[in-house]
Amino acid sequence: MKNYKHILTITAIAVTFLLTLWGCGNSGPKVPNAETASYDDIVAYLKDGGVITDDKNPADINNAEGYVTDNTGGDFPSAEIADKAWDYDGLYLFWWDLENPGDLKGNYDSLANNNGVIVIAGGAAVLETAGYNGPFAIAFSEDYAQKDKALELFQAMPE
């Protein structure tokens, strides 16, 4: 009986230890700080979270038509929006270099002034975002299926 209690105690300790290790290993992606993280850190975080499936060949939003709403009747079908602006199969991620601001800083400033809408060239074009955090903003195509999950991950980042 004494050996049985000893074996049971050791087994309970081993099971508790293994469950603790298992729980620590499945805590999800490490949440980066939006203020200090690099663009690549945020992409990796969103990829680990399952909302970016392929980060190898994103579309360059700054040099493509169809991302902004042209308010000029056709003279402004595309625009440079941010220092980095990439489309990952419907998840649009924007980043501004706030340490070395350039001509695109005004687009960043317009986020807070216009409830998350990027106003370009005084309103010649606009782009509505789903959220912004630190020097990052996120938006989605109409058919992007994981908007809620992506926005939850994005908003979970401290700034």
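Just so it is clear, the model here is predicted, and its values are computed rather than measured. (Residues numbered from 1 in each chain as written. Predicted model: local features only at pLDDT ≥ 70, side-chain atom pairs only at ≥ 80, totals over all residues. Heavy atoms only, no water.)

Re helix 2 (residues 39–48)
Then step 1. Within helix 2, burial applies to Tyr-39, Ile-42, Val-43, Tyr-45 and Leu-46. End-on view of helix 2: buried residues confined to an arc of 160°, all on one side of the axis. Of the exposed residues in helix 2, those oriented more than 90 degrees away from the buried face are Asp-40 and Asp-48.
Then step 2. Residues of helix 2 that are buried in the fold lie against strand 3 (84–88), strand 4 (91–95), strand 8 (136–140) and helix 4 (147–156). (Buried < 20%, exposed > 50% of the residue type's maximum accessible area, 1.4 Å probe, protein only. Helix = DSSP H or I, 4+ residues; strand = E, 2+ residues; numbered from the N terminus. Arc of directions from axis to C-beta. Contact = heavy atoms within 4.5 Å.)

Considerations on the packing of aromatic side chains
Then step 1. Counted under the stated rule, the structure contains five aromatic pairs.
Then step 2. Judged by centre distance (6.3 Å) and plane angle (25°), the rings of Phe-94 and Trp-96 are stacked. Accessibility assignment for this pair places Phe-94 and Trp-96 in one class, buried.
Then step 3. An angle of 10° between the planes, with centres 5.4 Å apart, marks the rings of Phe-140 and Tyr-144 as stacked.
Then step 4. Aromatic ring contacts, followed pair by pair, group Phe-94, Trp-96 and Tyr-108 into a single cluster.
Then step 5. Sitting above the plane of the Trp-95 ring, Lys-84 keeps its charged end 5.6 Å from the centroid. (Phe/Tyr/Trp six-rings, centres within 6.5 Å; stacked < 30°, edge-to-face > 60°. Lys NZ or Arg CZ within 6 Å of the ring centre and 35° of its normal.)

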